[in-house]
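Chain residues, written in single-letter form:
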Amino acid sequence: MAKLSVSFLLALSLLAFTPLCFCNKYQGGNYLFPQYYDHSCPKAQEIVKSVVAKAVAREARIAASMLRLHFHDCFVKGCDASLLLDSSGQIISEKNSNPNRNSARGFEVIDEIKSALEKECPNTVSCADILALAARDSTVLRGGPNWVVPLGRRDSREASLSGSNNDIPAPNNTFQTILTKFKRQGLDIVDLVALSGSHTIGNARCTSFRQRLYNQSGNGQPDFTLEQTYAAQLRSRCPRSGGDQNLFFLDFVSPTTFDNSYFKNLLAFKGLLNSDQVLVTSNGVSKELVQKYAENNELFFEQFAKSILKMGNISPLTGSRGEIRKNCRRIN
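Treat the numbers as computed from the prediction; the structure is a model and nothing was measured. (Residues numbered from 1 in each chain as written. Predicted model: local features only at pLDDT ≥ 70, side-chain atom pairs only at ≥ 80, totals over all residues. Heavy atoms only, no water.)

**Remarks on the overall build of the chain**
The cut-off we apply is this: A helix here means a DSSP run of H or I that spans at least four residues, while a strand means a run of E at least two residues long, and both kinds are numbered starting from the N terminus. Each residue is placed in one exposure class: buried if its accessible area under a 1.4 Å probe, protein chains only, is under 20% of its type's maximum, exposed if it is over 50%, and partly exposed if it falls in between. The contact criterion used throughout is that any non-hydrogen atoms of two residues lie within 4.5 Å. Per-residue and other accessible areas follow the Shrake-Rupley method at a 1.4 Å probe size, with only the shown protein chains counted as cover for residues.
For the chain, the helix and strand inventory stands at 14 helices and four strands. Counting across all 332 residues of the chain, residues that qualify as buried make up 51%. Taking all contacts inside the chain whose residues are at least 6 apart in sequence as the whole, residues at least 24 apart take part in 74%. As presented, the chain carries roughly 15600 Å² of accessible surface, and 53% of it is formed by carbon and sulfur atoms.

The following block contains the structure:
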């Protein structure tokens, strides 16, 4: 009994000196944690931040593009940088999918980051981790919340064009379809509303919302979920035909600042995309969340950070799975 007590006390004393770790556990017992590159590439986060800052200084829109790449990557097979692969051999690129074609952008910024990291510490930092860090840094640069990014993801050796076409929410999806796609990834309605708040920065093309302007839903009625003065302004640059690539701010009030004005716009029926406005018109819980975030910017920031961390945890490749690509556009 005495021996048992001594052993128990010794175990407790060892636990007391065990450092706390900001870790996320995944299937197979693998972990992601912020200190992953502290020894193998201590300047990794500094390098990512520097390149992203220069890119955003050149073009403010890049911040939204970086966020979107992380989102579109994680929703297809998990956060594994499959989105970054170009078509070659057996790989059909996700860049050719409906949500990404002529729309996903900023790949050259990822290339620039990867090149700098390969010079500093070859074969060490994954493209998937670059996407996660670039999304965080872009958000902060535009005045949004900061969060600690768990690291240690590895890169996929394959892409999924069908997954990209089917799993990423579309601008014309119903609320229930969007929620189903989020739940499929282990995300809930709170995550859906908070992450939709990323539309406080960035742009959308005319082709993404034209059907709302010209009664193309087929029911013979105008879209009463779109404030009509705002709709008239949109029609001036988004005609019935042509102008497909014309760009419009997702948040016309503060288009380059990450804040809660996006939610205020929704309450005024001035959400640009149908997938934005349905958060207010189609579900009581989501409408209540929109109202809370519109009233409290700090609450929005807090939940956005939690939800994007949760999204960044979707099915990462860790341990011996996948690889560390030397070039984010192709497998080794």
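The discussion continues.
**Things to note about the UniProt feature "site: Transition state stabilizer" (unreviewed entry) in the chain**
Formally: UniProt positions are given in the numbering used here, feature names are shortened, and annotations may be inferred rather than shown by experiment.
The UniProt record annotates "site: Transition state stabilizer" (unreviewed entry) at Arg68. With respect to the element layout, arginine 68 can be found in helix α3 (residues 62-74).

**Some remarks on the confidence of the model for the chain**
The criterion, for reference: Known as pLDDT, the predictor's confidence for each residue is given on a scale from 0 to 100.
Within the chain, residue pLDDT values average 90, and 89% of them lie at 70 or more. In the model, residues 1-29 has pLDDT below 50 throughout and makes 20 contacts with residues more than four positions away in sequence or in other chains.

**A look at the state of the cysteines**
Spelled out, the test is: The disulfide criterion used throughout: a pair of cysteine sulfur atoms within 2.5 Å.
For the coordinates displayed, the defined rule picks out four disulfides. The disulfide partner of cysteine 74 is cysteine 79, and the gap between their sulfur atoms is 2.0 Å. Looking down the S-S bond of the cysteine 74 and cysteine 79 bridge, the torsion is 120°, so its handedness is right-handed. Comparing cysteine 74 with cysteine 79 shows no difference in burial state: the two are buried. The disulfide that involves cysteine 206 links it to cysteine 238, with 1.9 Å between the sulfurs. Residues cysteine 206 and cysteine 238 are joined by a disulfide whose S-S torsion is about 75°; by sign, that bridge is right-handed. In this pair, cysteine 206 sits in the loop between β3 (203-205) and α9 (210-213) while cysteine 238 sits in the loop between α10 (228-235) and β4 (247-249), placing the two residues 32 residues apart along the sequence. Relative accessible area serves as the criterion here: at 0%, cysteine 206 is assigned to the buried category.

**Comments concerning the UniProt feature "binding site: Ca(2+) 2" (unreviewed entry) in the chain**
Short version of the rule: The term polar contact refers here to a pair of N or O atoms within 3.5 Å; inside protein, the definition further demands a hydrogen-donor-capable atom paired with an acceptor-capable atom, and it admits residues adjacent in sequence only when both atoms are side-chain atoms.
UniProt records the feature "binding site: Ca(2+) 2" (unreviewed entry) at Thr200, Asp251 and Asp259, using the numbering of this structure. For the residues just named, distributed over 60 residues, the greatest C-alpha separation is only 9.7 Å, placing them together at one site. Tracing the backbone shows aspartate 251 in the loop between β4 and α11 (261-267). Every residue in contact with aspartate 251, bar those within four places of it in the chain, is listed here: His199, Thr200, Asp259, Ser261, Tyr262 and Asn265. Looking at aspartate 251, its side chain comes within polar contact range of the main-chain nitrogen of valine 253, at 3.0 Å. Locating aspartate 259 in the fold gives a position in the loop between β4 and α11. Exposure remark for aspartate 259: the relative accessible area of 17% places this residue in the buried category. Beyond its immediate sequence surroundings of up to four residues, aspartate 259 is in contact with Thr200, Asp251, Ser254, Asn297, Phe300 and Phe301. At 2.8 Å, the side chain of aspartate 259 forms a polar contact with the side chain of serine 254.

**Points about the pattern of salt bridges**
What counts here: Whenever Lys or Arg places a side-chain nitrogen within 4 Å of a carboxyl oxygen from Asp or Glu, that contact is recorded as a salt bridge.
Evaluated as defined, the whole model comprises 16 salt bridges. One salt bridge connects arginine 105 with glutamate 59, and the closest N-O pair in it is separated by 2.8 Å. Within this pair, whereas arginine 105 is found in the loop between α3 and α4 (107-120), its partner glutamate 59 is found in the loop between α2 (44-58) and α3, the two being separated by 46 residues in sequence. With a closest N to O distance of 2.8 Å, arginine 210 and aspartate 244 form a salt bridge. Separated by 34 residues along the polypeptide, arginine 210 in helix α9 and aspartate 244 in the loop between α10 and β4 bring together distant segments of the chain. Overall, arginine 210 belongs to the buried group, its relative accessible area being 9%. Counted as one network, the salt bridges with shared partners bring together Asp86, Lys95, Asp111 and Arg329.

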